[in-house]
Amino acid sequence: MSEELRKIAKDLLKSEKVGVVIGYAFTKADPKRTTPIFVTDTRDTDKLVFNPLCLNNLTVYLTKKKPEIQEVGRPAVVAKGCDVRSILGLIKEFQFKREDVVIIGVGCEGVVKDFSHWTGKLTRENMASKCLYCRVRVPTTYDYLVGEEVPSIEEQDPFKDVKELLSKSVEEREKFWKNQFEKCIRCYACRQVCPFCYCHRCISDKTMPRWIESSAHERGNFAWNIIRAMHLAGRCVGCGECSRVCPAEIPLDLLNREIEREMKEKFEYTAGMDTETPPPLRTYSEKDDDSWIR
Amino acid sequence: MAKLLKIESPESVVEKLTSLEKRVIAPVRDGKLHRFLPVKRKEEVDFGYFQAEGSMKGFFFPATEGILKFSTGTKMPQVEEHEIEFPETFVVGCRPCDAAALPIQDKVFEWDYVDEFYKARRDSTTIVSLACTCADNNCFCTSMGLAPDSPEGSDILMVKTEEGFLAEVLTKKGEKLASLLDLKEKGSSEDRRRSAVSASKLITRKFKSEGVPGWLESNFEDPLWEKMCTKCIGCAACTFVCPTCHCFDIVDEPVGTSGERRKNWDACTLWHFTAHASGYNPRDMQHKRYRQRIMHKFDYYPDKFGKFLCTGCGRCIRVCPVSLDLAEVLEEISSRI
């Protein structure tokens, strides 16, 4: 699979269709860990790999957070099905046009939870939870596709853990999140890794006035984490990067998936599935529920 | 030669101290993570850990800390200083790379201006570290002039030997604790020497770091920065888990007409760290921000204080969302010297 990928990357660079290929390579120090790589030279295409250790959602490098990468030239990006959902979402939000990016889609059997779980074989036990209910193992949109035959898996209910938490009392849920947010150190890894957190100035960085307390205490942490989740309503595509990178291991995707569940229930909408369906929070419809206006 | 005494186990230290109702901080398993937390009983502690995810710097330099209270409700603004008083505390079982970070931070917080909050915590705390018996590929303490059984920063260093544990008593605070623990039986220096030999074999990742500051000084604009560090996504995970990073921001946080002035962790890897009020940012690209992190650790700080601002604990490598490997950057620099 990696061979095919390298060939596509080489051709794209050689024909000058793209200026840079954003992909994965193994790190120098650890053969069980991958890292993002920006290939601009055809001689470096041999470094590209794809396997269950390719955890990152590389589409974060397509956003305006990273102007230095786009300056190199039109990018091609290696994208799993879930990552392609981010691309479609970003196009829908007018961040770039479809033709501005070359998508090298990869069929994906799933990725490992984190590098330390890798045993040389992907199993249901060491697989990232998002992969257990993945419906886009083969990307829906692409310019090139590598590895189109992916075995199907028995699909799980994507909202199983969300429903479990919701079945608890308000007090219990409050206690759960209080314990989780107590660990937050406000490093903003969740924000920085997220393709949809591309605001030029994040509300948490604004000081005149300061809307959210920057201190890593209960008030500040609740405000930050809840506001981030709210701002992703109807936009988050569930790539799970925020949870993966959190140094305090806060299950941030639980918050996002509860909002995803509500979007689905109330508006029959799932983010990142196409570039056409109007996003509910940006659209007015006469059919909208207005019973709450009194 | 430091005094060597026999000790039953790290757990026995916790047991004795908690039975004397002392404040003890030790590694606790919390879900999948190990964290340093205050403990009441030895059963809460898990010394079978590799390394705690966060360092213990937060006990001396918290992520957020109130430094004064204010109110503006009356005609004249009122300011109330925080009382600085901390209970006697014992940190038991931190790794030598975390203990070694403390004298490095002392130099900053007790230099031209003495940070009273930090100093009060340091003065009231005794450090009982536990020499490593395991390491991973991200550990590089030996390249930073340390070792898995370094005594730097510890008051007592506990070392596992073939028969049990040795307590290497290093400071006055350590001696006071040794008598509190009632340690009498002398340990053998031959046992200590043997454990040092096995510790030296633990760390496989090694590079020459001596010439790094010199290279940094003359290669500020080298293409290496852009090449190796563009992938940095600009979060502060590496600096916040780092036992030596110490940048902070001072903020006023009012609720209505009264509030608190707080000292919060800040990080050079964040965009807003150098953003000017005008909107201009002299470190406009991410690789320049990451370069600052390296320059501070391996050039500016050593220039001023004669040591690296790094103990080689490897946390920044393990935690990085994009696997940006600080040691790999140093290895690359080292290969060019």
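Residues numbered from 1 in each chain as written. Chains lettered and ligands numbered in written order. Predicted model: local features only at pLDDT ≥ 70, side-chain atom pairs only at ≥ 80, totals over all residues. Heavy atoms only, no water.

The name an unreviewed UniProt entry gives chain B is Heterodisulfide reductase subunit A, with candidate division TA06 bacterium as the organism.

Chain A goes by Fe-S oxidoreductase in an unreviewed UniProt entry, where it is assigned to candidate division TA06 bacterium.

S.K.: Even after reading the chapter, I still don't get the overall build of chain B, so can you show me in this structure?
M.R.: Within chain B, the regular secondary structure consists of 12 helices and 11 strands. The C-alpha radius of gyration of chain B comes to 21 Å, within 12% of the 20 Å expected for a compact globule of 337 residues. Along the longest, intermediate and shortest principal axes, the C-alpha atoms of chain B span 65 × 60 × 40 Å. A burial count over chain B gives 57% of its 337 residues as buried. Pairs at least 24 residues apart make up 72% of the contacts formed inside chain B by residues separated by at least 6 positions. (Helix = DSSP H or I, 4+ residues; strand = E, 2+ residues; numbered from the N terminus. Rg over C-alpha atoms; globule rule 2.2 N^0.38 Å. Buried < 20%, exposed > 50% of the residue type's maximum accessible area, 1.4 Å probe, protein only. Contact = heavy atoms within 4.5 Å.)

S.K.: Sorry if this is basic, but what is going on with the sheet that holds strand 10 (residues 248-255) of chain B here?
M.R.: Hydrogen bonds between backbone atoms are what pair the strands of a sheet, whose relative direction is either parallel or antiparallel. Residue and element names in this part refer to chain B. What the 4 strands build is an open sheet, ordered 5-4-11-10; its pairing is antiparallel. Each edge of the open sheet is held by one strand with a lone partner, namely strand 5 (78-81) and strand 10. Mean inter-strand twist for the sheet, computed between neighbouring axes without regard to direction, equals 25°. Inspection of the sheet shows strand 4 (residues 64-71) paired to strand 11 (residues 258-265) by 7 bridges, in the antiparallel sense. (Pairing = 2+ DSSP bridges. Axes fitted to C-alpha atoms, helices over the stretch in contact; angles between N-to-C directions.)

S.K.: Sorry, what's going on with the domain arrangement of chain B here?
M.R.: Interface size is commonly expressed as the accessible area that is lost once the parts come together. Residues and elements named next belong to chain B. Under the domain assignment used here, chain B contains domain 1 (3-201) and domain 2 (211-335). On a C-alpha basis, the centres of domain 1 and domain 2 stand 25 Å from each other. Of the residues lining the interface, 41 residues belong to domain 1; the matching set on domain 2 comes to 41 residues. The largest per-residue losses of area from domain 1 upon contact with domain 2 belong to Phe70, Ile104 and Phe140, which jointly make up 19% of the total buried on that side. At the junction of domain 1 with domain 2, the criterion picks out 4 salt bridges. (Domains from an automatic or database assignment. Buried area = accessible area lost by both parts, 1.4 Å probe. Salt bridge = Lys/Arg side-chain N within 4 Å of Asp/Glu carboxyl O.)

S.K.: Looking at this structure, how should I read the environment of A:Asn57?
M.R.: All names here are of chain A. Looking at where Asn57 falls in the secondary structure, it is placed in the loop between strand 2 (34-39) and helix 2 (67-70). A relative accessible area of 2% means that Asn57 is categorised as buried. Distance in space between the C-alpha atoms of Asn57 and Lys80 is 8.1 Å, their sequence separation being 23 residues. With near-sequence residues (within four places) excluded, Asn57 lies in contact with Asp83, Ser86, Pro195, Cys239 and Glu241.

S.K.: What exactly am I supposed to notice about the packing of aromatic side chains here?
M.R.: Each aromatic ring pair is characterised by the separation of its centres together with the angle its planes make. Residues and elements named next belong to chain B. Enumeration according to the criterion identifies 19 aromatic pairs over all chains in this entry. Taken together, the aromatic side chains of Phe60, Phe61, Phe109, Tyr118, Phe240, Phe248 and Trp265 make up a single cluster linked through ring pairs. One residue, Lys57, lies across the ring of Trp265, its end atom 4.8 Å from the ring centre. Its guanidinium or amino end placed over the ring of Phe60, Arg122 lies 5.8 Å from that ring's centre, counting from NZ or CZ. (Phe/Tyr/Trp six-rings, centres within 6.5 Å; stacked < 30°, edge-to-face > 60°. Lys NZ or Arg CZ within 6 Å of the ring centre and 35° of its normal.)

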